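Geometric and topological summary
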Amino acid sequence: MHFAFTDEQVMIAETAKAFFAENATSERTRAAMAETGVDGALWQAFTGDLGLAGVAIPEALGGAGLGMVELAVLAEAAGRHTAALPLLASLTLAAPAILAGGTDEQKARLLPRLASGELVASFATVNRGETPRATFSDGRLTGAALHVPHGAGADIFVVETDNGVAIIECGAPGLRITPLTSMDQTRPYARLDFGGALAEPLANPRAAVHAALTTGWLAIAADALGGAQACLDRTVAYAQERVQFGRSIGSFQAVKHRLADMMIAIEQARSAVYWAACAIDEGSDEAKFAVHAAKAFACDTYSDCAGEMIQLHGGIGFTWEHDAHLFFKRARSNASLLGTPDWHRERVAALAGLGEAA
Amino acid sequence: MKLGFSPEEEAFRAEAAAWLAAELNGPFADVRGLTSLVASPDRRRDWERRLGEAGWSCVGWPKAYGGRDATLAEQVIFAEEYARAGAPPRLNHIGIELAGPTILAFGTEEQKARFLPAIARGKEIWCQGYSEPGAGSDLANVRTRAWRESDDWVIEGQKVWTSLAQFSDWIFVIARTEEGSKGPKGLSFLLVPVDQSGVTVRPIHQITGEAEFNETFFDGARTNTANILGAPGDGWTVAMGLLGFERGVSTLAQQMGFRNELDAVIAAARANGEAKNPLIRQRIAKAEIGLKLMRYGALRMLTDAEGGRLNPSALTYKIQWATWRRDLGELAMDVLGQAGETVAGHDYAFPALPNLFLYSRADTIYGGTNEIQRNIIAERALGLPREPRGDLK
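So, how was this worked out
Residues numbered from 1 in each chain as written. Chains lettered and ligands numbered in written order. Predicted model: local features only at pLDDT ≥ 70, side-chain atom pairs only at ≥ 80, totals over all residues. Contact = placed C-beta atoms within 7 Å. Helix = DSSP H or I, 4+ residues; strand = E, 2+ residues; numbered from the N terminus. pLDDT = per-residue confidence, 0-100. Domains from an automatic or database assignment. Buried ≥ 20, exposed ≤ 12 C-beta atoms within 10 Å, placed from the backbone. Pairing = 2+ DSSP bridges. Arc of directions from axis to C-beta. Core = buried A, V, L, I, M, F, W, Y, C linked by C-beta atoms within 7 Å.

Our focus in this paragraph is the interface of chain A and chain B. Contacts between chain A and chain B engage 46 residues on the former and 41 residues on the latter. Where the side of chain A that touches chain B is concerned, the elements lending two or more residues are α7 (205-241), α8 (253-281), α9 (287-313) and α11 (341-351) of chain A. Tallying contributions element by element places α8 of chain A first for the side of chain A that touches chain B, with 16 residues.

Turning our attention to the confidence of the model for chain B. In this model, chain B carries a mean pLDDT of 93, and residues with pLDDT of at least 70 account for 98%. Across the assembled chains, the prediction reports ipTM 0.96 with pTM 0.95.

For the rest of this paragraph, the subject is the domain arrangement of chain B. Residue and element names in this part refer to chain B. What the domain assignment reports for chain B is domain 1 (7-91), domain 2 (126-240) and domain 3 (246-381). The centre of domain 2, based on its C-alpha atoms, is set 29 Å off from the matching centre of domain 3. Counting residues at the interface gives 5 residues for domain 2 and 9 residues for domain 3.

Before going further, it helps to examine the pairing of strand β3 (residues 152-160) of chain B. All names here are of chain B. Here β3 shows one buried face, formed by W153, I155, G157 and K159, and one open face, formed by D152, V154, E156, Q158 and V160. Across 5 bridges, the pairing between strand β2 (residues 145-149) and β3 is antiparallel. Within the sheet, the bridge partner assigned to W147 lies in β3 and is V154. Note: β3 against strand β7 (residues 213-224), 9 bridges, orientation antiparallel. Bridging across to β7, V160 finds its partner in E215.

Residues and elements named next belong to chain A. Listing the buried residues of helix α3 (residues 40-47) in full gives L42, W43, F46 and T47. In an axial view of α3, the angular spread of the buried residues amounts to 120 degrees, which keeps them on one side of the axis. Structurally, α3 contributes buried residues whose contacts are with α1 (7-23) and α2 (26-34).

Another aspect to go through is the nonpolar core. Among the nonpolar cores identified, the biggest contains 246 residues, and A97, L218, A221, V273 and A276 of chain A are the most heavily contacted of them. Counting residues per element, this core draws most heavily on α7 of chain A, which supplies 20 residues.

Locating L384 of chain B in the fold gives a position in the segment after α11 (370-381). Here L384 of chain B is in contact with V236, A239, Q240, G250, S251, K256 and L259 of chain A together with A378 and E379 of chain B, once residues within four sequence places are set aside.

Dropping the structure here:
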């Protein structure tokens, strides 16, 4: 038992933190927001120079062959800056789906190119209650996927349907991709209408979906952790410099107690994210519980912290110019994507031996 | 990062579990499953001694002082097995978690040799004399005085909320030893025997109807001048050092108690159908998640402490568990409904869950209120300025 980073993990964390601080600047993120929601130069540097993009892809397939802890470290670092990257879609949803459920040929063909950033993928999942839904039969996809993250910039899609999982290329005849104006412009959605386009099946759809969701939930939780920490750090700095009534506002208990509450929640979110990452890596019985707990807790924490960031900044926090809204909108997107906190808690309730809900 | 335990550590677990099972199914079967802090004090004193004889009392302490030199992982394992075996609350938890570590950190070699083995062997039970009627959250506003007369410190004043003083042999007291001093200056940290005519312990009946806390009066009480931790006037440093101690391992044992309380809430919800109520399910899930995050938060703190680093998140632990438990008490009552508000017979003594609802209101007050905890977090971890001090007497 050693619940702290190894030296190697510390090094990865520091490298990633410095990389995003230097490159994922507000200015560049805003430029990407006005376009496709991807900072292309950042993506190239992240997948190329930094060399950590394939962190959880085996070395034989072009990755770094590390685990979920390292993946969470990267997602947390990216989340601190609401980096405009298809990290979640391509590397923590689509890639694990192909790795777990693809044929050897699919893995060899696609994973090295995903790890190198040459190819960008996204993942279309079946959402609760959404219609129309996607179906896959006779090698063709029909129906639609309504909210595909970073969908407008992806080269290929891994599509979960009611009957199987398939890979489709963005140029497949019949497929229509509609970019959607999205509240979070750093991770905009697209709608896919499949139109009977040809797609190739994954060999093991169950394993693919399980891997994509597990890794995706963890990555969203880690992104939320990084974002929440950034909200706290920036708000603490502001509370120290902003003077009202002849005192820095951070000396008022009405303010400092709320900042303390943010830290209390964030430290729990940190425990949750790295517990879940370790539990998955170690194949622990707790892994399922842990990842639902992490997704629910970290997303709630991020929503609370981003809201507090706006409130404690006062009027300036409500402007487009200030970065607070980037965090607030990413927090909202994280909460909705792949199951709300309430949904994940309901999974926890079932795992806790409460039986089924009424 | 690694959460699992090694085969050697699992062998240690088996050894601890076997010893605990043998004792708690044999000579100490009568105290197995106790949860009250005030029940069966004599038998729990026997249990402290039995743990001490067998070397299972203060497993993390050095062998030289009656401990076992256990590694961090072994301490974690023992705490888990202790609770899993249904062993009773430690009568001497203040000695083990507060007095002992403080003496270990600030005591002279003579003081360590005098006091630590007696704690580890269960021979001397301790309580804490910090709060006073005028020194609650503003703890440094101590009025209890002490002065030297020949070989003794003589103590006058009153302490309050002295938990378990009625069972204790020793009390540690912060007292003002420099006349005219104010606030944290001029205080000393004294170790005082309870059983003497100058010390009077009077129980305080609390909202549960039980009496765990006391008022403790010092009226010419005496202790030898050797029984001071740190230099005269340095008592505040010692007292604050104590508050900063890593309590991660004992919190793991405490968490196993919380586990039992949450299991009782779940059992009640299953029994009366509330387990199907989606709102109750959300709250139970929150409690489940909160409990796990306490465990993994404690493991983070402990791992860092072992490497000699104080993880700033340690400062968030008190408010975290206290608030969790208060929320659990409210959840318990919402699950039980009015059935939880009545009890058979004439005694005002409620069963565990309604009692939790009442008792847990103390959790967010003692040991630093939630508001004081937030100040500590904001000032020490986040570096925010202190609120200016007022000047009312």
